[in-house]
Amino acid sequence: MIKLVLISGSLRRGSLNSAALRAVRRIIEDMPVDVEVVSLPIGRIPFYDGDVEEAGMTAAVEAARALVADADALVISTPSYNGAVSGVLKNALDWLSRPYGASPLTDKAVAVLSASPGGRGAVDAQPALLTVLRTCGAFVVEHPPVAIGQADQRLDRHGEMTDPEILDALRGLVGATLTAATRPARGGGRRSPLSERLRTVSV
Ligand code: FNR
């Protein structure tokens, strides 16, 4: 089974980025693949503090670390706050980058997308996020950038992203993520190929 963790960079109940990740979840649930999808809430993670780390990470941080360590891949959706990722997301990634040399982000496949009410879909936040992820040693999933513009106008009456154009882009991102999740591990280990992890489909 492939384990996927979704992280929204926004805490807002009506978050467009969280809506995008719910669409990702629905896409995966409709696929003939054996994938467990878990959301990692980051709102309870305290501000990074080296003294807290030295005293032994807090329960919220330990839980986040364990979830990420156990995942085959992450999908992160970020808003743009003044041209970069939100503070809560950066804070969560800073914790996940610790301790130096034993970060659960190391070699982890991570796919990135963004959403905003603006026309550019918060694409301007993605370079900052990619820089953080690469610095943490994550394996950034390669795919055409997915930045959902005017996202607030593209929700259905239930607040869900069901726009076919958006779903097509997200399907591409999900496909690339699952491929990256099953790539050979760095250092000679072996991840089982995606074909071995697909549920049998009767046609
Ligand atoms: C924003 N917003 C914003 N949007 C944008 O396109 N470029 C930007 O630089 C910013 N900057 C910014 C800073 C701060 C502090 C806030 C609170 C907001 C607007 C932002 O895109 C909008 O609030 C989104 O709806 C946030 O994403 P969620 O919460 O819907 O996922």
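Small disclaimer: the values here were computed from a predicted structure and weren't measured. (Residues numbered from 1 in each chain as written. Predicted model: local features only at pLDDT ≥ 70, side-chain atom pairs only at ≥ 80, totals over all residues. Heavy atoms only, no water.)

(A) Inspection of the environment of Ala19 at higher detail. Tracing the sequence through the fold places Ala19 in helix H1 (residues 16–29). With 116 residues separating them along the chain, Ala19 and Thr135 place their C-alpha atoms 28 Å apart. Residues contacting Ala19, with those up to four places away along its chain left out, are Leu155, Gly159 and Met161. (Helix = DSSP H or I, 4+ residues; strand = E, 2+ residues; numbered from the N terminus. Contact = heavy atoms within 4.5 Å.)

(B) Structural view of the site of the ligand. Every residue near the ligand is listed here: Ser10, Arg12, Ser15, Leu16, Asn17, Pro79, Ser80, Tyr81, Asn82, Gly83, Ser116 and Pro117. At 2.9 Å from a nitrogen atom of the ligand is found a main-chain nitrogen or oxygen belonging to Asn82. Here an oxygen atom of the ligand sits 3.4 Å away from a polar atom, N or O, in the main chain of Gly83. Compared with its free state, where it exposes 610 Å², the ligand has 65% of that area covered by protein. Classifying every residue of the shell around the ligand by side-chain character gives four nonpolar, seven polar and one charged. (Near = heavy atom within 4 Å. Polar contact = N/O pair within 3.5 Å; in protein donor to acceptor, adjacent residues only side chain to side chain. Areas by Shrake-Rupley, 256 points an atom, 1.4 Å probe, with all protein chains shown as cover. Nonpolar A, V, L, I, M, F, W, Y, C, P; charged D, E, K, R; others polar.)

(C) Here's a closer look at the confidence of the model for the protein chain. Per-residue confidence for the protein chain averages 92 on the pLDDT scale, and 91% of its residues sit at or above 70. Note on residues 197–203: pLDDT under 50 across the span, and 14 contacts to partners over four residues away in sequence or across chains. (pLDDT = per-residue confidence, 0-100.)

(D) Structural detail: the packing of H1 against helix H6 (residues 164–181). Closest axis-to-axis distance for the H1/H6 pair is 10 Å, and the angle between their directions is 65°. Considered as vectors, H1 and H6 are oriented roughly perpendicular to each other. Crossing of H1 against H6: the hand is right-handed. Note on element contacts: H6 touches H1 through Leu167, Leu170, Arg171 and Val174, opposite Ala20, Ala23, Val24, Ile27 and Ile28. In terms of residue class, the contact of H1 with H6 is made up of eight nonpolar, no polar and one charged. (Axes fitted to C-alpha atoms, helices over the stretch in contact; angles between N-to-C directions. Parallel < 35°, antiparallel > 145°, perpendicular 65-115°, else oblique. Left-handed = near helix turned anticlockwise from the far one by under 90°.)

(E) Just the side chain of Ser10, in detail. Within the fold, Ser10 resides in the loop between strand S1 (2–8) and H1. At 3.5 Å, the side chain of Ser10 and the side chain of Ser15 are in polar contact. Filtering out sequence-adjacent residues up to four positions away, Ser10 remains in contact with Ser15, Ser18 and Pro79.

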